[in-house]
Amino acid sequence: MRSIFSILLLPLFISGCSLFGSDEEPAEILFTVQNFSADELSITTTGSKSGLNITKSNFTGNGDDRLPGSTESFSTDNEGTMTVNFSFLNENSELSEGDFEIELREDWQWSVNFQIDSADYNPLDTCFGCQFYESFELNPMVLSNSETEADSLYVVVGGNYISEPVIY
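Residues numbered from 1 in each chain as written. Predicted model: local features only at pLDDT ≥ 70, side-chain atom pairs only at ≥ 80, totals over all residues. Heavy atoms only, no water.

Notes on the overall build of the protein chain
Secondary structure summary: the protein chain contains 1 helix and 11 strands in total. Going through the 168 residues of the protein chain one by one, you find that 36% of them count as buried. Partitioning the contacts of the protein chain with sequence separation of at least 6, the portion at a separation of at least 24 is 67%. Just so you have it, the protein chain exposes about 10,200 Å², and 49% of that area is on carbon and sulfur atoms. (Helix = DSSP H or I, 4+ residues; strand = E, 2+ residues; numbered from the N terminus. Buried < 20%, exposed > 50% of the residue type's maximum accessible area, 1.4 Å probe, protein only. Contact = heavy atoms within 4.5 Å. Areas by Shrake-Rupley, 256 points an atom, 1.4 Å probe, with all protein chains shown as cover.)

With respect to the state of the cysteines
Throughout the structure, instances matching the rule amount to 1 disulfide. One disulfide bridge connects Cys127 with Cys130, the sulfur atoms lying 1.5 Å from each other. Looking along the S-S bond of the Cys127-Cys130 disulfide, the torsion reads about 50°, which is the right-handed sense. (Disulfide = S-S within 2.5 Å.)

With respect to the side chain of Asn113
If you trace the backbone, Asn113 turns up in strand β9 (residues 108-117). Residue Asn113 is classed as buried on the basis of its relative accessible area of 15%. A distance of 2.6 Å separates a polar atom in the side chain of Asn113 from a polar atom in the side chain of Gln34. A distance of 2.6 Å separates a polar atom in the side chain of Asn113 from a polar atom in the side chain of Gln115. (Polar contact = N/O pair within 3.5 Å; in protein donor to acceptor, adjacent residues only side chain to side chain.)

Brief notes about a negative patch on the surface
A cluster of acidic residues, Glu94, Glu97, Asp99, Glu101, Glu103 and Glu137, forms a negative patch at the surface. The element best represented in the negative patch is strand β8 (residues 93-103), accounting for 5 residues. (Patch = residues over 30% accessible without salt bridge, like charges linked within 9 Å, V, L, I, M, F, W, Y side chains within 5 Å. Salt bridge = Lys/Arg side-chain N within 4 Å of Asp/Glu carboxyl O. Lys, Arg positive; Asp, Glu negative; His and termini not counted. Charge placed at Lys NZ, Arg CZ, Asp CG, Glu CD.)

Focus: the confidence of the model for the protein chain
The pLDDT averaged across the protein chain works out to 83; a share of 82% of its residues lies at or above 70. In the model, residues 4-21 has pLDDT below 50 throughout and makes 3 contacts with residues more than four positions away in sequence or in other chains. (pLDDT = per-residue confidence, 0-100.)

Comments concerning the environment of Glu97
Along the chain, the position of Glu97 falls in strand β8. Glu97 sits in the partly exposed class, given a relative accessible area of 46%. For the pair Glu97 and Leu153, spaced 56 residues apart in sequence, the C-alpha to C-alpha distance is 8.9 Å.

Quick notes on the packing of aromatic side chains
Applying the stated criterion to the full structure yields 10 aromatic pairs. Judged by centre distance (5.7 Å) and plane angle (65°), the rings of Trp108 and Trp110 are edge-to-face. For Trp108, a relative accessible area of 6% translates into the label buried. An aromatic cluster of at least three residues, connected via ring pairs, comprises Phe36, Phe86, Phe88, Phe100, Phe114 and Phe136. (Phe/Tyr/Trp six-rings, centres within 6.5 Å; stacked < 30°, edge-to-face > 60°.)

So this is what it looks like as structure tokens:
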């Protein structure tokens, strides 16, 4: 009996598999465009498992336009630094572009929110779970909604545990 048990388990140990699964918890990131639309967008990342190349078609939201909207969650590394590069265009003119870094964590889902507002706005005043934000120059002349008074694009980054999320 002992030799049959050994024969059955030997291939698992040789291949590096475990009966109990991986000790590492997953890590994820998702992106949201909150209160504006863009004709074209590009979000690329470096430093993650395969790198991400996100376009408008990855968003689900406002019908055919897809924006405002969110992406699905994408798997990331459990540690290290991810650099996120983004660009938003309207009518072939740059609305905003920039890059920022996120320190990746095990068992963590990052949420990256792109939103526009005025330069005196502080997104952390009303945000639970937000870790940091950065503001970027916005070209208000190419906004699709001329009634919007905004001069900055804010990238608001927050997160939560995956296995035991904090409920706000």
